[in-house]
Amino acid sequence: MTSAEKRAAFLYALGVTVAICGAAKMPAEGAEWSDALPIFVAGAVVGVVGLVWWRRLRSQIAAAMPAQSAPDQDPFALLAGLIPDAKSLAAEVGTLQAPEIQVGVDRLLDTWVLPFAEVRQSVIDRLGMQKGAEILVTIAYGERMLNRVWSAAADGHLPEARACLPEAVDALQEAAQIAAKARETG
Amino acid sequence: MSDSSTPNSAPSGSGGKLSPSEIAGSAVAPYRELTPAAFILGVIQGMILNLAFVYAALKLGFSIGGSTVAAITGYALLRGVMRKGTMIENNINQTIASGINTAGTGVVFTVPALFMLDAKWRAEGGPGLDFQLLPLVIGGMAGAILGVVLIIPLRKQMIDLDRLRFPTGVAVATIIRSGSTGMEKARLLGYGFALSALWKLVMAAGWLDFPGLFEHEELNISLGFIPDYLSPVLYLSLMNFAAGLIAGRGGIPYFAGGILAWWIISPASVALDWVPTDLEAPSGYIYSQMLRPLGIGVLIGGALMGVVVSFPAIKSAIQSLATAAETAKSGGSKVGSDEMPLWVLIAGTIAAVVLFFIAAMLTDGVSLTQALLSSVVGTIWLGVAGLIVAQACGMTDISPMSGMALISVTLMMFLLGGNVPAAMVVGVAVCVAIGQGADMMQDLKTGFMIGGRPVKQQIAQFFVTWIGAALALGAIYVLWTSGPNGQGGFGEGSALPAPQAGALMGIIDAVKSGNVPVDKYTLGIAIGGLLGAAPVAGLGVLVGLAMYLPFSITLGYGLGNLTAMWLQHRNGTAWIQHKMIPVAAGLIVGEAITGIGHAGYSILKTQGIL
């Protein structure tokens, strides 16, 4: 978080805390609302101000993000690295045995897919919820198919493992294409 | 690990793809997933677990999820005995077993209150409660179906996008894979299991109990000077700690919510003289009158705002369900083709709402308008409550089912003019539904981690979900009528005290006397909405949950979060995945299995068998 974000988040948290305090007081006997209701309202207003400020700052930061991300923090760089590695594994899977397939899948997951999942929020921040969701869901499908490849190999069912790996690669490639198109159209 | 009974070699085409002729010519058996063996084993296990946990819940006041037990048994029977089980087949087995078992939990937390209230009011000289079992059975079945169909469109949001942790789902996946991940991970799982099992045994046996310091698995950490209103108590459950470990940094907002509730709001309330000064232990008042009802409101508001914020993604998920069949046929994207078709979900929803309506109409004192209103409003509320509980389970492994039952019964009593049996039909439906929804999501998380096809798990659970509700209701009826003169088989003073139902009885009495904390629920919803709008996923649900639960649980869980963050900083993400997760999974499984064993031992001892 930047220092401006921290100030906004602090104002928001302060407002919410005061609102909760005001809401916690019990009403007097026979009354429906407590006399601390004005405290709740004041806290809620401060919280809303802090929230709007915080969200505006995050939008500004997200818009500036492409020029500032380190490669291992940039989901699109991770996606770009994942595709050739996954295609390479798919090309040789016909000659690999179960333990080798498992090692290959573990490498793809540990090197690219799981780090991508860690920074997935920036995909939504940069491309919006609709496009971002489409990309993340497609990546998740690819990841699930990689997990299926691993399980099938572990169970000794090589035909299933060999059949599912191209499906995983197709999904990951589809995600990369959607991301590229979304970034072009801005 | 290679199973010699499974053919594992086949001609390979270029690029790893099998050509149609190669597939046609191959003698390779299909990869086992939704099989009769998995189905039958899951149903048998589910029914046994359902009956056992209904009895245990009436006796001890809590129930235990059956996923871990079913996964272990499935591993032993499918792979060990039948020698041809696969991991995804075992996942189907545990999906079915846990689905049937969980439906029983929703019933046992609500229905016994009807029997007990009827007996209580008759004993006080009143007319008692006039209710039939059939509407409850139909309502429970409607809730079971709705719970599954309404949560399915949220799979993409919760698992693919939000990546909710579902710690028990992760633990089950680790168990399912344990034989194939090498001895190292299996050994770590075993260490965690042994440590947690031993610790649970010590706790349950009370060997370390010391009045005032260590009781009921809670450690008093006041050190003689920390005031009671700061709730200086730590719940010493390794399962709870392990859930915090698995959640890691993602669970910090929940921990922060607990600190806010008990180290800021609570002392502020005392300092401002908002708490009666004549109380020996003000924490009880602060919790029951202030924080818990406020927390329920925050949970609801946070979940509703979460739906608003993520509406584009939910809309996209439903659209992809609608178009999946077309795109899959045309050879296009297969993403979205792995879910139950939208028409099945719509048909299931309509059928369940009709069942809901029938159940309401069969209840005495309910008019046509009231039946329509309760089935429509009940379904909408059921969907919201299911979302709340699934999110809470996903983030923390904790299910606020009793809070949702409370709101359900309260809401329906208002809508139905105080008709308790009719309100309870909806209450049963909601409780069964939210249990099914959270269980379905947890199982889908396990399926994601091992590569199962969601549609197969959804089909499996959809077809068996009604069994658990019907079975549990039958068990409760049999247990009640086994008492003297055909009633009183459970309740206060009997061998099966049914504490959860006792709590619900208290709430119904309070609603009847007009004692509902409307201010807390209303202001809580507003606060939850404000929290839910923050750019931190699920903040409203997490803070609401922290206020709803005792701080002893939140504190133990938060220590798990902090420990995981420290370990990740020190050893890196890969170490967490390959070392910490198996140990944490073992901690969860060890306590679950020992808890079940202890429940069985207690019951047998009470019956005089041991």
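The present account deals with the structure reproduced in this document.

Quick notes on the rules
- Residues numbered from 1 in each chain as written.
- Chains lettered and ligands numbered in written order.
- Predicted model: local features only at pLDDT ≥ 70, side-chain atom pairs only at ≥ 80, totals over all residues.
- Heavy atoms only, no water.
- Helix = DSSP H or I, 4+ residues; strand = E, 2+ residues; numbered from the N terminus.
- Rg over C-alpha atoms; globule rule 2.2 N^0.38 Å.
- Buried < 20%, exposed > 50% of the residue type's maximum accessible area, 1.4 Å probe, protein only.
- Contact = heavy atoms within 4.5 Å.
- Areas by Shrake-Rupley, 256 points an atom, 1.4 Å probe, with all protein chains shown as cover.
- Lys, Arg positive; Asp, Glu negative; His and termini not counted.
- Charge placed at Lys NZ, Arg CZ, Asp CG, Glu CD.
- Salt bridge = Lys/Arg side-chain N within 4 Å of Asp/Glu carboxyl O.
- Patch = residues over 30% accessible without salt bridge, like charges linked within 9 Å, V, L, I, M, F, W, Y side chains within 5 Å.
- Phe/Tyr/Trp six-rings, centres within 6.5 Å; stacked < 30°, edge-to-face > 60°.
- Pairing = 2+ DSSP bridges.
- Axes fitted to C-alpha atoms, helices over the stretch in contact; angles between N-to-C directions.
- Buried area = accessible area lost by both parts, 1.4 Å probe.
- Nonpolar A, V, L, I, M, F, W, Y, C, P; charged D, E, K, R; others polar.

### Topic: the overall build of chain A
- Within chain A one finds 7 helices and 0 strands.
- Helices and strands appear in chain A in the N-to-C order α-α-α-α-α-α-α.
- Computed over the C-alpha atoms, the radius of gyration of chain A is 24 Å, more than 25% above the 16 Å expected from 2.2 N^0.38 for a compact globule of 186 residues.
- Across its three principal directions, the C-alpha atoms of chain A cover 75 × 40 × 25 Å.
- A burial count over chain A gives 55% of its 186 residues as buried.
- Of all intrachain contacts in chain A linking residues separated by at least 6 positions in sequence, the fraction that spans at least 24 positions is 72%.
- Total accessible area computed for chain A in this model is approximately 8100 Å², and 59% of it derives from carbon and sulfur atoms.
- Put simply, chain A has 16 plus and 21 minus side-chain charges, and the middle of one group is 8 Å from the middle of the other.

### A look at the overall build of chain B
- Regarding its fold elements, chain B presents 23 helices and 3 strands.
- The buried share of chain B, reckoned over its 610 residues, is 57%.
- Across chain B, every contact between residues at least 6 apart in sequence was considered, and the portion connecting residues at least 24 apart equals 80%.
- Counting only carbon and sulfur atoms, one obtains 67% of the accessible surface of chain B, whose full area is about 22900 Å².

### A few points about the pattern of salt bridges
- Evaluation of the coordinates by the stated rule reveals 17 salt bridges over all chains.
- Notably, a salt bridge pairs D160(B) with R155(B), separated by 3.5 Å at the nearest N-O pair.
- D160(B) sits in the buried class, given a relative accessible area of 3%.
- Where salt bridges share partners, they join E5(A), R58(A) and D125(A) into one cluster.

### Quick word on a nonpolar patch on the surface
Residues and elements named next belong to chain B.
- A cluster of nonpolar side chains, namely L34, F39, I40, I44, I48, I459 and F463, defines an oily patch on the protein surface of about 630 Å² accessible area.
- Among the secondary structure elements, those contributing two or more residues to the nonpolar patch are α2 (36–60) and α18 (454–481).
- In terms of residues, the nonpolar patch owes the most to one element, α2, which gives 4 residues.
- When you line up the elements, I44 lands in helix α2.

### Here's the deal with the packing of aromatic side chains
Residues and elements named next belong to chain B.
- Counting across every chain of the model gives 9 aromatic pairs over all chains.
- Geometrically, the ring pair formed by F115 and W480 is tilted, given 5.5 Å between the ring centres and 45° between the ring planes. Remark: W480 occurs in helix α18 and F115 occurs in helix α5 (residues 111–123); sequence separation between them is 365 residues. Taken as a pair, F115 and W480 share a single burial class, namely buried.
- Taking the centre distance of 6.5 Å and the plane angle of 35° together, the rings of W262 and Y287 count as tilted. Of this pair, W262 sits in helix α11 (residues 252–271) while Y287 is found in helix α12 (residues 282–309), placing the two residues 25 residues apart along the sequence.
- Exposure remark for W262: the relative accessible area of 2% places this residue in the buried category.

### Considerations on the sheet that holds strand β2 (residues 218–220) of chain B
Residues and elements named next belong to chain B.
- A sheet is described by the order of its strands in space; here 3 strands give the open sequence β1-β2-β3, paired in antiparallel fashion. Both outer strands of the open sheet, β1 (214–215) and β3 (233–235), are each paired with one neighbouring strand and no more.
- The sheet contact formed by β2 and β3 spans 3 bridges and is antiparallel. Bridge pairing in β3 places L219 opposite L234.
- On top of the sheet, helix α22 (residues 551–571) reaches β2 and β3; it is set at about 65° to β3, its chief contact.

### Topic: the environment of F214(B)
Residue and element names in this part refer to chain B.
- Relative to the assigned elements, F214 resides in strand β1.
- The exposure class assigned to F214 is buried, which follows from its relative accessible area of 5%.
- A C-alpha to C-alpha distance of 38 Å links F214 and S513, two positions 299 residues apart in sequence.
- Setting aside its immediate chain neighbours within four residues, F214 contacts M203, L208, D209, L219 and L236.

### A closer look at unusual backbone geometry
Residues and elements named next belong to chain B.
- Unusually for a residue other than glycine, R163 sits at a positive phi of about 55°.
- Among the secondary structure elements, R163 is positioned in the loop between α7 (155–161) and α8 (167–177).
- With a phi angle near 50°, S231 is a residue other than glycine that sits in the positive phi range.
- Tracing the chain through its elements places S231 in the loop between β2 and β3.

### So, the interface of chain A and chain B
- Every contact between the two is made by 63 residues of chain A and, on the other side, 72 residues of chain B.
- Taken together, the two surfaces of chain A and chain B that pack against each other cover about 5900 Å², and 64% of this comes from carbon and sulfur.
- Its largest share of buried area at the contact with chain B, chain A owes to R144(A), R148(A) and D155(A), together 12% of the area lost on that side.
- Our enumeration of links across chain A and chain B arrives at 3 salt bridges.
- Elements with a contribution of two residues or more to the side of chain A that touches chain B: α1 (3–24), α2 (37–64), α3 (75–92), α4 (98–118), α6 (129–154) and α7 (158–185) of chain A.
- Counting residues per element, the side of chain A that touches chain B draws most heavily on α6(A), at 18 residues.
- Its residues placed into classes, the side of chain A that touches chain B shows 38 nonpolar, 10 polar and 15 charged.

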